[in-house]
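Chain residues, written in single-letter form:
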Amino acid sequence: MNAETPRLDPGALQEDSAAGGKSAATVAQDSDSVQQGDALFPGTDPLPIARPVPVQTSGRLEFAARCFKCGVWHRHVSLGEKDAPCGAHYLLEFKTKLKGAA
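All of these numbers come straight from a predicted model, not from anything done at the bench. (Residues numbered from 1 in each chain as written. Predicted model: local features only at pLDDT ≥ 70, side-chain atom pairs only at ≥ 80, totals over all residues. Heavy atoms only, no water.)

A. Quick peek at the overall build of the protein. Each helix and strand counted, the protein has 0 helices and 6 strands in total. For the protein, the α and β elements follow one another from N to C terminus as β-β-β-β-β-β. Buried residues in the protein amount to 15% of all 102 residues. Of the contacts made within the protein by residues no fewer than 6 positions apart, 25% connect residues no fewer than 24 positions apart. (Helix = DSSP H or I, 4+ residues; strand = E, 2+ residues; numbered from the N terminus. Buried < 20%, exposed > 50% of the residue type's maximum accessible area, 1.4 Å probe, protein only. Contact = heavy atoms within 4.5 Å.)

B. Quick look at the side chain of His76. With respect to the element layout, His76 can be found in strand S4 (residues 73-76). We classify His76 as buried; its relative accessible area is 10%. One polar contact links His76 to Tyr90, side chain to side chain, over a distance of 2.7 Å. In this view, His76 contacts Glu62, Phe63, Lys82, Asp83, Tyr90 and Leu92; residues no more than four positions away in its chain are not counted. (Polar contact = N/O pair within 3.5 Å; in protein donor to acceptor, adjacent residues only side chain to side chain.)

C. Up close: the packing of aromatic side chains. Inspection of the entire model under this criterion finds 2 aromatic pairs. Seen in terms of ring centroids, Phe68 and Tyr90 are 6.2 Å apart; in terms of plane orientation they differ by 80°. Their pairing is edge-to-face. Placement of the pair is Phe68 in the loop between strand S3 (61-66) and S4 and Tyr90 in strand S6 (residues 89-92), with a sequence separation of 22 residues. (Phe/Tyr/Trp six-rings, centres within 6.5 Å; stacked < 30°, edge-to-face > 60°.)

D. A look at the nonpolar core. Ala50, Phe63, Ala65, Cys67, Ala84, Ala88, Tyr90 and Leu92 form the largest nonpolar core, which has 8 residues in total. Looking at this core, the elements with two or more residues in it are S3 and S6. (Core = buried A, V, L, I, M, F, W, Y, C linked by side-chain atoms within 4.5 Å.)

E. Up close: the pairing of strand S2 (residues 53-56). Looking at chain direction, S2 and S3 are connected through 4 bridges and run antiparallel. Along S3, the bridge assignment pairs Val55 with Glu62. Linking two consecutive strands that pair antiparallel, namely S2 and S3, is a turn of 4 residues. (Pairing = 2+ DSSP bridges.)

Next up, the structure:
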């Protein structure tokens with residue numbers, strides 16, 4: 001045996017259920033607090049990206065983007081994270097150049 005390997009009693013790693021007891025690691029949860037998802041971290045879904053078209057009005061520069069949810073063009077006064085009137089939530093940003101492109 002390796003000198004750094006801890007020595008355990010022969011029954012130390014057996015499951016508690018075999019002895020008729022409950023595991024100390026069991027945590028009770030009510031049905032309201034149970035979270036299920038198909039991703040490891042379900043709250044980290046990336047925002048959809050809408051590509052803006054610059055629109056110069058008589059007073060300012062605006063950005064129009066076709067909404068992925070309703071298909072209508074929405075206009076915004078700045079770039080970044082946006083909430084559309086239809087309830088869609090997306091990131092409004094220009095496409096960046098590819099790495100290595102000159």
